[in-house]
Amino acid sequence: MATGNAQINDFVLKIATVNGSGSASANGLLMKALFRMGIPVTGKNLFPSNIQGLPTWYEIRASREGYNARVSRVDVMVAMNAQTYARDLAEVGEGGYLIYDSTWPRESQLQREGVHVLGIPLSGMVNANFESARVRTAAPIRTLMKNIAYVGALCALMQIDREIVRKLLEETFAAKPKLVEPNFKAVTLGYDYAREHFDCPLRVRAAPMDGTGGKILIEGNAAAALGCLYAGATVGAWYPITPSTSLMDAFENFCNKFRKDPETGENRFCIIQAEDELAAAGMVLGAGWAGARAFTPTSGPGISLMSEFIGFAYYTEIPAVFFDIQRVGPSTGMPTRTQQCDLMTAAYASHGDTRHPVLLPSDPKECFEMAVAAFDLAERLQTPVFVLSDLDIGMNEWMVDELEWDDSYRPDRGKVLTDEDLTRIDQFHRYLDVDGDGIPYRTLPGSHPKGSYFVRGSGHDQYGRYTEDADEYQQVVDRLRLKWQTAKTLVPDAVLRSARGHTDVGIIAFGSSHGATVEALDRLAAEGVDADYLRLRAFPFGKEVEKFLDQHRLVFVLEQNRDAQMRGLLMLELDADPDKLISILHYNGLPVPSDVIVESVTEHIRQGAVA
Amino acid sequence: MSYITKPKVKWSGRQTNELGLTLADYEGGLSTLCAGCGHDSITAALVKAFWELALKPEQVIKLSGIGCSSKTPAYFLSGAHGFNSVHGRMPSVATGAQAARRDLIAIGISGDGDSLSIGFGQFAHAVRRNLNVLYIIENNGVYGLTKGQFSASADPGSKTKKGLENRNQAIDPVTTAISLGGSFVARSFSGDKEQLVPLIKAGLRHPGCAVIDVISPCVTFNDHEGSTKSYAWTRQHLHAAIETDYVAPSTEIEVDYAEGEVSDVELHDGSVIRLKKLDQDFDPSSRAQVLGHLAAAHERQEILTGLLFLNEDLPSLHTIQGTSRKPLSRFAFDELNPGAAALKTLQEGMR
Ligand SMILES: Cc1ncc(C[n+]2csc(CCOP(=O)(O)OP(=O)(O)O)c2C)c(N)n1
Ligand code: SF4
């Protein structure tokens, strides 16, 4: 079986299971074992919007090169769901493997030229070796053990280090050490069976390397939650919605760990599960106005509901941080699939002339960093700030450089007048542009009586007084536009990656498309197509974006939505020439693979060359 | 929220409170509501209550939604921070503000349109969470600001100025708040300052959500014959079930009522709410009884007023949340940030 060239540390291992069957821990175990062997990995959950019963997949990509994008190819498929056998088999690449539970033999059904089908009687082995007792878990113990048993089989077949698996089990069950042995027994069952019946290892396999030093595995939502914790956010309000829920769950866990008064047990945080997103937004505004760093995690439908408040915060100049973990729209769309489809909504949320800074993290590490940046920006600019993540980043484990924290960091609270300032100054005017940067001074409730003012969404003049005067109104909204110019200088810059040689072809991408873009650029370069790459990290766009557009004849704009929202934004905000902006769009709900980019670019260039 | 700045004239001989402040120090801008609007009388009662309690204006935050009623925070306590939010959503803003600054006294002003239609959910949840806020509903049975449409509190059978009859059932904020497990629920009338001022004082001191539904006639759109929220109708149908007095902690409690009729409820800050039953069998601590009384009064077309329900033991939002007594936005950054070393350790588990 170990025929042909060995394919080492460069494979896609996909596991097809049934939602709710407890396979998540087995899959996590596999991924972590590879990581500990020093192999760069990423894991992607492709799950249904359903708690139990529907097909679900987990894709692990191991990449010597450190590429983390999704690949359309599958090298080893563990097909645990009879319902999807046909489709799973079809996905396996030439020379690949399909492993299935042969307790119920399906040889006749599972046949495809060029694919090796390996039957392992997982259920049979587990049933013979374990009582059918229910442990306190969601799925029956036999089902769980069946999953652990395929981990064992893969250890033998793909040379995944069984000792590391054992160690991981010990760590997982540190609090319930009694569970280690039965789990390891299941691993051994699978392992022994594979050793006995197949020619181990397979052509596709793992080998120890040192590609994960200084790295961690973390989900974007957990990293964003850590960012909120480290930024000093104390108030979080939310209404449950996939895929943002795990952000607040993680924040709560971190707060319980780090934010309880050691003596009194009192919470130095307040997390409120609101009655809906409207209320969550109101709570964030109330807390921001009162001087706390406050945020809400949500997704597209939540942003729709929050829009009235978002415009209110824009006009009344209240700092607020909104995490939009994007999922597929419109409407409920596919709530457990990924897209970059709320770009326009976030940029211009609400009625009237509104604009909001939007940060675009491309991996969990940036979720952490940009969460902190978002609070600083929101307070510095006194405005709502969006962190636009997505399901792919938010709910999947990514391998990233270890998160770093500089203890000398101090939050940028922006222009807040203290009691001392207020006693010193003659009069306080809430909306006056004292410094010429469009950002006025604010005061916090409970401060010196001189600082009191009225927050109002209705027309107000630069002193904060009610007005319906045409000129006074216009003066305020014009200053808000000036503030927007200042915002351009404060948001994170786009990152340029130049091609080796000179080229007039550029690629623009952002967010979770970054990994696929990097991989595509390498592949294109190998085929002789050089392109410069600008990774956008924020809206509004800085000067460097304008420059990039100017310097390239052809700019591919890669985004994960149907209507080319980023391209639209570039045209709208920078007056970019539509003819030079070529869209690469991917919006089927699955993370974008590098093939899409490579194919689009080569196709376009080929056509151009022909014409 | 239009207003005209009031000239601050000080002359000697004006009465001052413990802080040396006069009533004028508790006023805001000049009202631009219609002359005779009930809302202005409520404003006056608020000014009086704050002055009598001798609260520092800057200790107070005043929040509202949208509507004529929601404009009123501009007309009192110009020394307090104000927040005129969006229609029906004052409670969530107050919740966030309280989460950040529990040391500030929060007063929320809303209308029947604001709280019982677009904001019904937020009203209910503020009550349910027992948010520490004095929540006043200025109830006139109509949308004043959008010119006279029926609100959800309009009684069935009542008529608009043009003679249109309301066929829908009414939502009564008082029964709603009591049913939702409110901890302090009262009703009053804008024209009854005697009753309203002590209710406001008690509500401000109550450590939870104090809902006061104040019938507040709209002279422009709902003060005609056929309206059940007009001055005339309200005056005729008012029925005080209980008399409320607020006794400050420093004031000695003198018993001048006959035993058995009076109950003193001590609040956490040492102040006392003294309740004198006017209806012999009225017990403001029994939810079931109070709801029964309200239903019976409703059938008699009586508007029951006073502090109708009180439960001092209900935990408030902060108790439930376990939030620190020190206001969250007062923590120094070092007290909130776990630091680089902790981040390093934490990440050991991510390998
Ligand atoms: C989202 C939204 N919808 C509608 C309105 C229009 N609106 C302004 S005030 C109001 C009704 C106010 O009625 P109420 O709360 O009873 O206050 P009143 O004016 O009677 O004191 C309405 C519908 C609005 N401001 N916002
Ligand atoms: S319209 Fe009615 S509620 Fe509004 S100010 Fe005039 S009287 Fe008051």
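Residues numbered from 1 in each chain as written. Chains lettered and ligands numbered in written order. Predicted model: local features only at pLDDT ≥ 70, side-chain atom pairs only at ≥ 80, totals over all residues. Heavy atoms only, no water.

### What to know about the site of ligand 2
As a structural note, the neighbourhood of ligand 2 is formed by L33(B), C34(B), C37(B), H39(B), C68(B), N140(B), C218(B), V219(B), T220(B) and F221(B). When its residues are assigned to classes, the shell around ligand 2 shows seven nonpolar, three polar and no charged. (Near = heavy atom within 4 Å. Nonpolar A, V, L, I, M, F, W, Y, C, P; charged D, E, K, R; others polar.)

### Concerning the pairing of strand β9 (residues 184–189) of chain B
The side chains of a regular strand alternate, first on one face of the sheet and then on the other. All names here are of chain B. Counting buried positions over the six residues of β9 gives six, a clear majority of the element. Sheet topology note: the β9/strand β10 (residues 209–215) ladder contains six bridges and is parallel. Each bridged residue has a counterpart across the sheet, and for V185 the counterpart in β10 is V211. Following the backbone out of β9, through helix α7 (residues 193–205) and into the adjacent parallel β10, one traces a crossover that is right-handed. Here β9 runs beside strand β15 (residues 303–310); their pairing, made up of four bridges, is antiparallel. Each residue of the ladder has a partner; that of F184, found in β15, is L310. (Buried < 20%, exposed > 50% of the residue type's maximum accessible area, 1.4 Å probe, protein only. Helix = DSSP H or I, 4+ residues; strand = E, 2+ residues; numbered from the N terminus. Pairing = 2+ DSSP bridges. Right-handed = clockwise from strand over helix to strand, strands pointing away.)

### Quick word on the site of ligand 1
Taken together, 18 residues lie near ligand 1, and C68(B), S69(B), G113(B), D114(B) and G144(B) sit nearest. Site remark: ligand 1 is flanked by residues from chains A and B. In the environment of ligand 1, an oxygen atom lies 2.8 Å from a nitrogen or oxygen atom belonging to the backbone of D114(B). Between ligand 1 and G144(B), the relevant distance is 2.8 Å, taken from an oxygen atom to a main-chain nitrogen or oxygen of the residue. In the complex, the protein chains occlude 77% of the 600 Å² of accessible area that ligand 1 would expose alone. Secondary-structure elements contributing two or more residues to the shell around ligand 1 are α2 (68–71), α4 (112–118) and β7 (142–143) of chain B. (Polar contact = N/O pair within 3.5 Å; in protein donor to acceptor, adjacent residues only side chain to side chain. Areas by Shrake-Rupley, 256 points an atom, 1.4 Å probe, with all protein chains shown as cover.)

### Focus: unusual backbone geometry
Residues and elements named next belong to chain A. The omega torsion of the bond from C200 to P201 falls at -5°, within 30 degrees of zero and hence cis. In this chain, T242 is followed by P243 through a cis amide linkage whose omega measures 5°. Residue placement: P243 occurs in the loop between β10 (235–238) and α8 (245–258). A positive phi angle, near 60°, is found at Q159, a position not held by glycine. Within the element layout of this structure, Q159 appears in the loop between α4 (141–158) and α5 (162–172). The class for Q159 is partly exposed, based on a relative accessible area of 39%. With phi around 55°, S331 is a residue other than glycine that occupies positive phi space. Within the element layout of this structure, S331 appears in the loop between β13 (320–326) and α11 (343–348).

### Section: the side chain of K14(A)
Residues and elements named next belong to chain A. Looking at the secondary structure, you find K14 in strand β2 (residues 10–18). A relative accessible area of 2% places K14 in the buried class. Apart from residues no more than four positions distant in its own chain, K14 is found in contact with L46, W57, Y58, E59, R70, V74, V76, M77, V78 and E91. (Contact = heavy atoms within 4.5 Å.)

### Some details on the sheet that holds strand β18 (residues 495–497) of chain A
All names here are of chain A. In space, the five strands of this open sheet follow the order β18-β20-β19-β22-β23, with mixed pairing throughout. The open sheet has two edge strands with one neighbour each: β18 and β23 (581–585). Taking each pair of neighbouring strands and ignoring which way they run, the sheet shows an average axis angle of 20°. Bridge analysis of strand β19 (residues 505–510) against strand β22 (residues 554–559) gives four bridges, and the strand direction is parallel. (Axes fitted to C-alpha atoms, helices over the stretch in contact; angles between N-to-C directions.)

### A few points about the sheet that holds β10(B)
Here nine strands make up an open sheet; going across it, the order is β17(A)-β4(B)-β3(B)-β5(B)-β6(B)-β10(B)-β9(B)-β15(B)-β11(B) and the pairing mixed. Bordering the open sheet on either side are β17 (454–456) of chain A together with β11 (238–240) of chain B, each of which pairs with just one other strand. Mean inter-strand twist for the sheet, computed between neighbouring axes without regard to direction, equals 20°. Sitting on the sheet, helix α10 (residues 300–316) of chain A touches β17 of chain A together with β4 (81–84) of chain B, and the angle it makes with β17(A) is about 135°. Together, β9 and β15 of chain B form the strand contacts of helix α9 (residues 287–299) of chain B, whose direction differs from that of β15(B) by roughly 175°.

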